[in-house]
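One-letter residues, chain by chain:
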Amino acid sequence: MNRIRGQTAVITGATAGIGEACARTLGEAGVHVVLIGRRRDRLEALAAEVATDNGTRALPYQLDVRDRAGVTDFIAWLDNEGLNVDILVNNAGLARGLDAVQDGDHDDWDEMIDTNIKGLLNMTRAILPGMIARDSGHVVNIGSIAGHWVYPNGGVYCATKYAVRALTEGANVDLVGTKVRMSSVDPGLAETEFSVVRFRGDEDRARTVYEGTQPLVAEDIADAVHYVVNTARHVNVLHLVMMPTVQRSPYVLAREPAGGSED
Ligand code: NDP
Ligand code: 8X3
């Protein structure tokens, strides 16, 4: 059953990976999508593709989620377009580096904390009041298994994802008595641009993260987001934790020889 056709979704981090896949999957389900990210060319190309299908509207909006004034302008723009947000996918996020806390780089910490926590809060704070006023809406935060287990040299990134988990639970408590829902989808290893960004463009190092595994792909996570937002309105998924079959925790990962088993 399609319960979301005709709704409007705002998706942050839509220029790559999971956000891009969410835009395609929700667009295919007949959801109008507003695509947020910093790389305008990618936003425009994706919007053109998604919008060609089944009359779905796809609107690009260049925005850095860390920019509070920019988020305020975005809300004014939504009003101007006559758009009420039914679904917010807080996906924009990143890791920078893989360092012990004692060796960490302050700028990397700022970027992760400002994007993964404060950026998510900026968007949520701006969009939730409208949902509450309409007594309808669903926020889906892309957390991580890094918000459930801490792994060596990932302390600060993990801290940001523990924060996403805490904020998902905290906002749910605050939303009791309303019909507004909030969920997190918490993936494990997924091959996107994530590791290239983490290692600042070092593609060889990024490749080793996924070597000999069959990781999740962005579409797997988009399927999960679609499931979560398409549930009946009396259902609220709190956390949907998902990993590739080869992974059972951040520490327990089977690496198969290249060309190993496929689905
Ligand atoms: P990608 O690097 O492929 O995509 C990240 C997206 O976030 C890009 O579209 C990027 O767009 C956007 N983004 C980053 N910073 C900002 C910002 N300040 N403002 C707006 N957009 C921003 O990575 P993934 O798709 O893998 O990551 C998406 C989310 O999934 C992240 O929150 C990540 O932590 C989480 N995640 C990823 C996992 C993985 O293994 N890949 C597993 C678990 C969770 P642009 O640069 O154009 O602004
Ligand atoms: C990304 C997944 O396990 O590399 O959130 O941190 S992990």
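Below is a summary of the structure that appears in this document. The structure presented is a predicted model; accordingly, all values stated were derived computationally and were not measured.

What counts and what doesn't
Residues numbered from 1 in each chain as written. Chains lettered and ligands numbered in written order. Predicted model: local features only at pLDDT ≥ 70, side-chain atom pairs only at ≥ 80, totals over all residues. Heavy atoms only, no water. Pairing = 2+ DSSP bridges. Helix = DSSP H or I, 4+ residues; strand = E, 2+ residues; numbered from the N terminus. Axes fitted to C-alpha atoms, helices over the stretch in contact; angles between N-to-C directions. Salt bridge = Lys/Arg side-chain N within 4 Å of Asp/Glu carboxyl O. Buried < 20%, exposed > 50% of the residue type's maximum accessible area, 1.4 Å probe, protein only. Near = heavy atom within 4 Å. Polar contact = N/O pair within 3.5 Å; in protein donor to acceptor, adjacent residues only side chain to side chain. Nonpolar A, V, L, I, M, F, W, Y, C, P; charged D, E, K, R; others polar. Contact = heavy atoms within 4.5 Å. Parallel < 35°, antiparallel > 145°, perpendicular 65-115°, else oblique. Left-handed = near helix turned anticlockwise from the far one by under 90°. Core = buried A, V, L, I, M, F, W, Y, C linked by side-chain atoms within 4.5 Å.

Observations concerning the sheet that holds strand 1 (residues 8-12)
Working step 1: The strand order across the open sheet built from seven strands is 3-2-1-4-5-6-9, with neighbouring strands paired in parallel fashion. With partners counted over all chains shown, the strands left at the sheet margins are strand 3 (58-62) and strand 9 (239-242), one partner each. Averaged over all pairs of adjacent strands, the angle between strand axes in this sheet comes to 15 degrees, irrespective of strand direction.
Working step 2: Of the pairings in the sheet, the one linking strand 6 (residues 180-187) to strand 9 comprises four bridges and is parallel in character.

Some details on the pattern of salt bridges
Working step 1: Scanning the entire structure with this criterion turns up 13 salt bridges.
Working step 2: As a salt-bridge pair, Glu-20 and Arg-24 come within 2.7 Å of each other at their nearest N and O atoms. Here the residue Glu-20 and the residue Arg-24 both occupy positions in helix 1 (residues 17-28), the gap between them amounting to four residues, near one helical turn.
Working step 3: Among the residues examined, Glu-20 registers a relative accessible area of 23% and is labelled partly exposed.
Working step 4: Residues Arg-42 and Glu-193 are paired through a salt bridge, measuring 2.9 Å at the closest nitrogen-oxygen approach. Taken together, the residues Arg-42 in helix 2 (residues 40-51) and Glu-193 in the loop between strand 7 (190-191) and helix 6 (194-198) connect sequence positions 151 residues apart.
Working step 5: The class for Arg-42 is partly exposed, based on a relative accessible area of 31%.
Working step 6: The class for Glu-193 is partly exposed, based on a relative accessible area of 30%.

As for unusual backbone geometry
Working step 1: The phi angle at Asp-135 is positive, at roughly 50 degrees, despite the residue not being glycine.
Working step 2: Here Asp-135 is to be found in the loop between helix 4 (106-134) and strand 5 (137-142).
Working step 3: Looking at Asp-135, the relative accessible area reads 28%, which means it is partly exposed.
Working step 4: One non-glycine residue with positive phi stands out, namely Asn-153, at about 70 degrees.
Working step 5: Structurally, Asn-153 can be placed in the loop between strand 5 and helix 5 (155-174).

What to know about the site of ligand 2
Working step 1: Contacts to ligand 2 come from Ser-144, Ile-145, Ala-146, Tyr-151, Tyr-157 and Phe-194.
Working step 2: One nitrogen or oxygen atom from the side chain of Tyr-157 is found 2.6 Å from an oxygen atom belonging to ligand 2.
Working step 3: Taken together, the residues of the shell around ligand 2 sort by class into five nonpolar, one polar and no charged.

Description of the environment of Asn-90
Working step 1: Within the secondary structure, Asn-90 is located in strand 4 (residues 87-90).
Working step 2: By relative accessible area, Asn-90 is classed as buried at 3%.
Working step 3: Each C-alpha atom of the pair Asn-90 and Thr-12 lies 5.6 Å from the other, and the pair is 78 residues apart in sequence.
Working step 4: Ignoring any residue separated from it by four or fewer positions in sequence, one finds Asn-90 in contact with Thr-12, Leu-120, Met-123, Thr-124, Val-139, Val-140, Asn-141 and Ile-142.
Working step 5: In this structure the side chain of Asn-90 is engaged in a polar contact, spanning 2.9 Å, whose partner is the side chain of Thr-124.
Working step 6: At 3.0 Å, the side chain of Asn-90 and the side chain of Asn-141 are in polar contact.

Things to note about the packing of helix 3 (residues 68-81) against helix 4
Working step 1: Where helix 3 contacts helix 4, the axes come no closer than 10 Å and their chain directions differ by 30 degrees. Overall, the two elements helix 3 and helix 4 adopt an arrangement that is roughly parallel. The two elements helix 3 and helix 4 cross, and the hand of that crossing is right-handed. For the pair formed by helix 3 and helix 4, the contact residues are Arg-68, Val-71, Phe-74 and Ile-75 on the first element and Lys-118, Asn-122, Met-123, Ala-126 and Ile-127 on the second.

Digging into the packing of helix 4 against helix 5
Working step 1: Between helix 4 and helix 5, the least distance of the axes is 9 Å, while the angle of their chain directions is 10 degrees. In terms of axis orientation, helix 4 runs roughly parallel to helix 5. Seen from helix 4, the contacting residues are Trp-109, Met-112, Ile-113, Asn-116, Ile-117, Leu-120 and Leu-121; seen from helix 5, they are Val-156, Tyr-157, Thr-160, Lys-161, Ala-163, Val-164 and Leu-167.
Working step 2: In terms of residue class, the contact of helix 4 with helix 5 is built from eleven nonpolar, two polar and one charged.

Looking at the environment of Cys-158
Working step 1: In this structure, Cys-158 sits in helix 5.
Working step 2: Spatially, the C-alpha atoms of Cys-158 and Gln-62 are 27 Å apart, while their sequence positions differ by 96 residues.
Working step 3: The residues touching Cys-158, leaving out its near neighbours within four places in the chain, are Ala-146, Gly-147, Trp-149, Val-150 and Tyr-151.

Quick look at the nonpolar core
Working step 1: In this structure, Ile-11, Leu-26, Val-33, Leu-35, Val-89 and Val-185 are the most contacted members of the largest nonpolar core, which totals 35 residues.
Working step 2: The biggest single contributor to this core is helix 8 (residues 218-230), with seven residues.
Working step 3: With residues near it in sequence (within four places) discarded, Leu-35 still touches Ile-11, Ala-14, Ala-23, Leu-43, Leu-46, Ala-47, Leu-59, Pro-60 and Tyr-61.
Working step 4: The next biggest cluster of nonpolar side chains, apart from the first, holds 22 residues, and it includes Val-71, Met-123, Met-131 and Met-182.

Interpretation in functional terms is not warranted from these geometric data alone.
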